[in-house]
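Reading the structure
Residues per chain are reported as follows:
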Amino acid sequence: MEIVGKIIAALPEVGGTSAKGNVWKKRDYVLETQETYPKKIAFNFFGDRVDQYPLQVGQVVKIYFDIDSREYNGRWYVDIRAWKAEDPGAAAAAPAPAAVPGAYAAPAAPSYGPATQMPGGYATPAAPPKVDLAPDPTDDLPF
């Protein structure tokens, strides 16, 4: 999943050692969407991604994430774990891949709309016949 917004809070990095002896760290952020009715979304980076994506407050980013839920002591907890962050304009500014010679190229999408001119050899359509809508006095139908 993905979402675009502005970072409004960057919480301190936390870490520790798991019961198995593995060192871990994570950093939480709060993103505010840029919609008519903005939403605030708390998410985190875990492990090496904490250092890979150092986000700053005020930065507009596109976040790619997964949502995970888990149960602990009869209660459910939801975690939004980001796995990638990028500048939202970077994807739009990226150049299109170059065509490979001999590769299949999809045909261009047809453009639909009114015809600007008739192809050669076709006659211009005639005007529609005139229809008289005056009531007929001999017609005895009720409708």
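Residues numbered from 1 in each chain as written. Predicted model: local features only at pLDDT ≥ 70, side-chain atom pairs only at ≥ 80, totals over all residues. Heavy atoms only, no water.

**Points about the overall build of the chain**
When you go through the chain residue by residue, the secondary structure sums to 2 helices and 6 strands. Shown N-terminal to C-terminal, the secondary structure of the chain runs as helices and strands in the order β-β-β-β-α-β-β-α. Counting every position in the chain, which comprises 143 residues, the buried fraction comes to 17%. In the chain, the proportion of contacts linking residues at least 24 apart, taken out of those at least 6 apart, comes to 48%. A total of about 11,800 Å² of accessible surface is found on the chain, and carbon and sulfur atoms cover 58% of it. (Helix = DSSP H or I, 4+ residues; strand = E, 2+ residues; numbered from the N terminus. Buried < 20%, exposed > 50% of the residue type's maximum accessible area, 1.4 Å probe, protein only. Contact = heavy atoms within 4.5 Å. Areas by Shrake-Rupley, 256 points an atom, 1.4 Å probe, with all protein chains shown as cover.)

**Looking at the side chain of T33**
Along the chain, T33 turns up in strand β3 (residues 23–33). Of the polar contacts made by the side chain of T33, one reaches the side chain of E35; its length is 3.3 Å. Within the local environment of T33, its side chain forms a polar contact with the backbone nitrogen of K39, the two atoms lying 2.8 Å apart. Apart from the residues lying within four places of it in its own chain, the contact partners of T33 are I3, V4, G5, P38, K39 and I41. (Polar contact = N/O pair within 3.5 Å; in protein donor to acceptor, adjacent residues only side chain to side chain.)

**So, the nonpolar core**
Formed by 15 residues in total, the largest nonpolar core has its most connected members in I7, L31, F43, F45, L55 and I63. Broken down by secondary-structure element, the contributors of at least two residues to this core are β3, β4 (40–46), β5 (60–72) and β6 (75–86). With residues up to four places along the chain from it excluded, the contact list for F43 reads I7, R27, D28, Y29, L31, L55, I63, I80 and A82. (Core = buried A, V, L, I, M, F, W, Y, C linked by side-chain atoms within 4.5 Å.)

**So, the side chain of D79**
Within the secondary structure, D79 sits in strand β6. Reaching out from D79, the side chain makes a polar contact with the side chain of R81 at a distance of 2.6 Å. Excluding residues within four positions of it along the chain, D79 makes contact with N44, D66, I67, D68 and R70.

**Section: a nonpolar patch on the surface**
A cluster of nonpolar side chains, M1, I67 and V78, forms an exposed patch at the surface whose accessible area comes to about 330 Å². Following the sequence through the fold, V78 ends up in strand β6. When its relative accessible area of 59% is taken as the criterion, V78 is described as exposed. (Patch = residues over 30% accessible without salt bridge, like charges linked within 9 Å, V, L, I, M, F, W, Y side chains within 5 Å. Salt bridge = Lys/Arg side-chain N within 4 Å of Asp/Glu carboxyl O.)

**Considerations on the packing of aromatic side chains**
One pass over the full model with this rule turns up 6 aromatic pairs. When the ring of Y29 is compared with that of F45, the centres are 6.1 Å apart and the planes differ by 80°; the resulting orientation is edge-to-face. With Y29 in strand β3 and F45 in strand β4, this residue pair connects regions lying 16 residues apart in the sequence. Accessibility classification places Y29 together with F45 in one group, the buried group. With 5.5 Å between their ring centres and 40° between their planes, Y64 and W83 make a pair best called tilted. (Phe/Tyr/Trp six-rings, centres within 6.5 Å; stacked < 30°, edge-to-face > 60°.)

**A look at unusual backbone geometry**
Non-glycine residue N73 carries a positive phi angle of around 55°. Topologically, N73 is positioned in the loop between β5 and β6. The class for N73 is exposed, based on a relative accessible area of 64%.

**Details of the pairing of β5**
Note that strand β1 (residues 2–10) and β5 share 5 bridges and pair antiparallel. Opposite I3, over in β5, you have I63 as the bridge partner. Here 11 bridges tie β5 to β6, and the two strands are oriented antiparallel to one another. Across the sheet, residue Y72 finds its bridge partner in β6, namely R75. Turn length for the β5-β6 hairpin, with the two strands adjacent in sequence and antiparallel, is 2 residues, and the turn residue N73 shows positive phi of about 55°. (Pairing = 2+ DSSP bridges.)

**What about the environment of G89?**
Examined against the element boundaries, G89 turns out to sit in helix α2 (residues 88–93). Separated by 27 residues in sequence, G89 and K62 have C-alpha atoms that sit 8.9 Å apart.

That is the geometry; function is a separate question.
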